Amino acid sequence: MAPVIVIMLDGISADTFARFAARMPHLHALAARGLAVERVAADVPATSLPGRTGILTGLDPSHHGIYGNLVWDGARFRYANPDDVRVPTLPQQALAAGLDVAVLGYGMVRPEDATTFHHAWWAHEMLQRARDEAPIPADEGWLRTARHADASGRIAALAAAGLPAGVPDAYAGDRMHYLMSELTGDQTMLQWTAALASTADPPDLIVTEVLTPDSVQHVAGHDHPFALWSLGYADALVGEVVRGLEAAGRLDSTSLLVTSDHGHGPVDGALYLDALLPGATCASEGGIAYVAVDGAGEADRIAARLRAHGVERLAGDHLPREQRDAVAAFTVPGRAVGFELAAPAERAGATEGPSRYASGHGFAPGTASDERFLVVAGGGVEPQRVPRAASADVAATVRALLGLPPRGVGRALC
Ligand SMILES: [Zn+2]
């Protein structure tokens, strides 16, 4: 079995991948010599933690449990964490099969499910400790990823060779400190990936991610010059992995799989939940809103109120079964509208207005801009163009590359 590297680049849509090919030369060179899927279907919702979990399980949220960046815990919507994942992830299954697994900064994996583990540089973003007076136990899921000290010795060896020993605390300074922590955090993970994959005894599976394209597009806009820069930055980091493999003579004998958790696209405006549903407990997943309800009757009443605003209730079959009476899901079909918890101060009381984000994702199921790309090259993968694949096919493809038995509904693409 050839070693496998999975790199998730956050928020690069299928359309962006095709349209701005010149900004991503390394990725398109990989696509030219391997398997390229033009459109990978989006998860519901097409947001970051469900997307990450889908890539590593090949299941939908009704099974893996991560039906949003935020999940309902019976009293509030809180950030999902790796302990909320209800099914074995690919790293966990690979480890159980006796493989050597490195997880470098990829969210939604537990430290014990890898031989070599480093937390996502952004893990603290998910902690509500700083925002709430009473910390909630679920934060422990993220805290323990950040506390984990790598026992394999591999990260220490990388540091001894001159690479970073860790990542800065992104929340220890001002906005510039956060931005530079993001850029260095992403770079460190891919530098480590390149170096580990090029050692004499590389891990069988390395899983890592780059967040920058998502953050920059949200703020700048999906085709803004800064957003295009962020595509080039992510591509250059992948290029560093390719260069490392090439220098080690391993480029053809390592399978490199690159994909995204969801797409990105222009936002047409926002609906403000505080004015639409005063007193309700809500969460926003971009263009999908979750509302805590007390049974089907209340969900029906809320749906009737929201219909006047072009909002439709989703069937909710993407929710885990036991959540369906407690959480109702809503979206705006046919429009790239985001839900926001509260209107900006100058629009207090308005139900609709501009969005805080120039670009976004997680819109109504089937929205084209939510779809992403997939590229797999090396390790004997033959050149092939595939117009469409299902979300579950990504995990099925990684399983096949690793020699793990098929599981779930996905189809291996190579
Ligand atoms: Zn994302």
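Residues numbered from 1 in each chain as written. Predicted model: local features only at pLDDT ≥ 70, side-chain atom pairs only at ≥ 80, totals over all residues. Heavy atoms only, no water.

(A) View of the overall build of the chain. Within the chain, the secondary structure is distributed over 13 helices and 19 strands. Taken over C-alpha atoms, the radius of gyration comes to 21 Å for the chain, in line with the 22 Å a tight globule of 414 residues would show. Reported as C-alpha extents along the three principal axes, the dimensions of the chain are approximately 60 × 45 × 40 Å. Looking at the chain as a whole, 57% of its 414 residues qualify as buried. Look at the contacts in the chain between residues 6 or more apart in sequence, and 74% of them connect residues 24 or more apart. In the form shown here, the chain has an accessible surface area of approximately 15900 Å², with 54% of it arising from carbon and sulfur atoms. (Helix = DSSP H or I, 4+ residues; strand = E, 2+ residues; numbered from the N terminus. Rg over C-alpha atoms; globule rule 2.2 N^0.38 Å. Buried < 20%, exposed > 50% of the residue type's maximum accessible area, 1.4 Å probe, protein only. Contact = heavy atoms within 4.5 Å. Areas by Shrake-Rupley, 256 points an atom, 1.4 Å probe, with all protein chains shown as cover.)

(B) Just the packing of aromatic side chains, in detail. With the rule as written, the count across this model stands at 7 aromatic pairs. For the ring pair Trp229 and Tyr233, a centre distance of 5.2 Å and an interplane angle of 15 degrees mean the geometry is stacked. Placement of both Trp229 and Tyr233 in helix α10 (residues 225-247) is noted, with a separation of 4 residues, approximately one turn of the helix. Exposure remark for Trp229: the relative accessible area of 41% places this residue in the partly exposed category. For Tyr233, a relative accessible area of 15% gives the class buried. Every member of this aromatic cluster is reached through a ring pair, and the members are Trp121, Tyr171 and Tyr178. (Phe/Tyr/Trp six-rings, centres within 6.5 Å; stacked < 30°, edge-to-face > 60°.)

(C) Quick peek at the side chain of His264. Mapped onto the elements, His264 comes out in the loop between β8 (255-259) and β9 (265-266). Exposure remark for His264: the relative accessible area of 1% places this residue in the buried category. Of the polar contacts made by the side chain of His264, one reaches the side chain of Asp214; its length is 2.8 Å. Polar side-chain contacts of His264 include one of 2.8 Å to the side chain of Ser359. (Polar contact = N/O pair within 3.5 Å; in protein donor to acceptor, adjacent residues only side chain to side chain.)

(D) Spatial organisation of the packing of helix α2 (residues 25-33) against α10. Close contact between α2 and α10 brings their axes to 7 Å; oriented N to C, the two are set at 55 degrees. With respect to α10, the axis of α2 lies oblique. Residue-level contacts link Pro25, His26, Leu27 and Leu30 of α2 to Asp235, Ala236, Val238, Gly239 and Val242 of α10. Considered class by class, the residues forming the contact of α2 with α10 number 6 nonpolar, 2 polar and 1 charged. (Axes fitted to C-alpha atoms, helices over the stretch in contact; angles between N-to-C directions. Parallel < 35°, antiparallel > 145°, perpendicular 65-115°, else oblique. Nonpolar A, V, L, I, M, F, W, Y, C, P; charged D, E, K, R; others polar.)

(E) Main features of the nonpolar core. Ranked by size, the top nonpolar core spans 69 residues in total, and within it Ile7, Leu9, Leu30, Leu256 and Tyr290 carry the most contacts. Considering every element that reaches this core, the biggest residue donor is α10, with 9 residues. Lining this core are residues from two domains, each supplying at least three of them: domain 1 (4-265 + 367-402) and domain 2 (268-356). Of all hydrophobic cores here, the second largest spans 32 residues; its members include Phe117, Val394, Val398 and Leu401. (Core = buried A, V, L, I, M, F, W, Y, C linked by side-chain atoms within 4.5 Å. Domains from an automatic or database assignment.)

(F) Focus on the domain arrangement of the chain. By domain assignment, the chain separates into domain 1 (4-265 + 367-402) and domain 2 (268-356). Placing a centre on the C-alpha atoms of domain 1 and another on those of domain 2 gives a separation of 29 Å. In this assembly, 14 residues from domain 1 lie in contact with 18 residues from domain 2. Both faces combined, the contact of domain 1 with domain 2 buries some 1300 Å², and carbon together with sulfur accounts for 66% of it. Sorting the residues of domain 1 by area buried against domain 2 places Tyr67, Trp72 and Phe77 first, and these three jointly supply 45% of that buried surface. In this structure, the connection of domain 1 to domain 2 is made through 1 salt bridge. The closest approach of N and O atoms between Arg86 and Glu322, which form a salt bridge, is 2.7 Å. At the boundary of domain 1 with domain 2, the tally comes to 7 residue pairs in polar contact (both at pLDDT 80 or more). Mapped by element, the contributors of at least two residues to the side of domain 1 that touches domain 2 are α4 (61-64) and β3 (70-72). Grouping the constituent residues of the side of domain 1 that touches domain 2 by class yields 7 nonpolar, 5 polar and 2 charged. (Buried area = accessible area lost by both parts, 1.4 Å probe. Salt bridge = Lys/Arg side-chain N within 4 Å of Asp/Glu carboxyl O.)

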